[in-house]
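Notes for the structure review
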Amino acid sequence: MPALYIAGAMVIWLAFYRTNPDGLANIWIAIYTFPFFIIGTFLLGGEFPYVPGRYYEAHALYFWPSVALLALALFFIFHALQKIVQPAVPVDAQKAARH
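Figured I'd write up the structure that's included with this text. (Residues numbered from 1 in each chain as written. Predicted model: local features only at pLDDT ≥ 70, side-chain atom pairs only at ≥ 80, totals over all residues. Heavy atoms only, no water.)

**Points about the overall build of the chain**
Heads up, the rule is: Segments assigned H or I by DSSP are reported as helices when at least four residues long, segments assigned E as strands when at least two residues long, and all are numbered from the N terminus. Burial classes: relative accessible area under 20% of the type maximum marks a residue as buried, over 50% as exposed, and values in between as partly exposed (1.4 Å probe, protein chains only). Per-residue accessibility takes into account occlusion by the displayed protein chains alone, with areas from the Shrake-Rupley method and a 1.4 Å probe.
Assigned secondary structure in the chain consists of 5 helices and 0 strands. Going from N to C terminus, the chain has its helices and strands arranged as α-α-α-α-α. Relative to its 99 residues, the chain shows a buried fraction of 23%. In the form shown here, the chain has an accessible surface area of approximately 7,300 Å², with 72% of it arising from carbon and sulfur atoms.

Set out below in structure tokens:
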């Protein structure tokens, strides 16, 4: 899932980069990183994309770290779910299964 999320981020970024920098060009960036968008805008009262700089650079400094953190969160969530669904097999059972 994290790899799919990062692949989707590349599609979102290319679409953003190819559009004119108007007021709605970054809507998909905000939607794709919704948890960070909510935290930055409503809880912290910031202005999107929250970092100073030129248009594309500011969005890149927001988008790619957000994508990396969300992909990492997805990794841990799915790893934990996998551990819940398939508990670890004891070492003795692994040895017995091989023979």
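Still to come is the rest of the account.
**Quick notes on the environment of M1**
What counts is decided by this rule: When checking whether two residues touch, look at their non-hydrogen atoms; a contact exists if any pair is within 4.5 Å.
Tracing the sequence through the fold places M1 in the segment before α1 (2-18). Using a relative accessible area of 52% as the deciding quantity, one classes M1 as exposed. Separated by 77 residues in sequence, M1 and F78 have C-alpha atoms that sit 7.9 Å apart. Once you skip the residues sitting within four places of it in the chain, M1 turns out to touch L74 and F78.

**Some points on unusual backbone geometry**
Residues F48 and P49 are joined by a peptide bond in cis, for which omega reads 10°. Within the secondary structure layout, P49 lies in the loop between α3 (34-43) and α4 (55-85). Located in the positive-phi region is Y50, a residue other than glycine, with phi close to 75°. Among the secondary structure elements, Y50 is positioned in the loop between α3 and α4.

**Quick look at the packing of aromatic side chains**
Under the convention used in this document: Within 6.5 Å between ring centres, the rings of Phe, Tyr and Trp (the latter by its six-membered ring) count as paired, and their orientation is classed by plane angle as stacked under 30 degrees, edge-to-face over 60, tilted in between.
Tallying each qualifying case throughout the model produces 17 aromatic pairs. Centroid distance W13 to F16: 5.0 Å. Interplanar angle 45°. Geometry classified as tilted. Here F16 and W13 lie together in helix α1, a separation of 3 residues that amounts to about one turn. Taking relative accessible area as the criterion, F16 reaches 2% and is therefore assigned buried. Through successive ring pairs, a cluster of aromatic residues spans Y5, W13, F16, Y17, Y32, Y55, Y56, F63 and W64.

**Some points on the pattern of salt bridges**
Condition: By convention in these notes, a salt bridge is any Lys or Arg side-chain nitrogen within 4 Å of a carboxyl oxygen on Asp or Glu.
Per the counting criterion, the structure on display carries 1 salt bridge. In this structure, R54 engages E57 in a salt bridge whose closest nitrogen and oxygen atoms are separated by 3.2 Å. Here R54 falls in the exposed class, since its relative accessible area comes to 62%.

**Comments concerning a nonpolar patch on the surface**
Filter applied, for reference: Exposure above 30% relative accessible area and no salt bridge define the residues that can form patches, which grow by joining like charges within 9 Å and nonpolar side chains of Val, Leu, Ile, Met, Phe, Trp and Tyr within 5 Å.
Where nonpolar side chains cluster on the molecular surface, the patch consists of M1, L4, I77, F78, L81, I84 and V85 and spans about 750 Å² of accessible area. Ranked by residue count, the leading element in the nonpolar patch is α4, at 5 residues. Within the element layout of this structure, I77 appears in helix α4.

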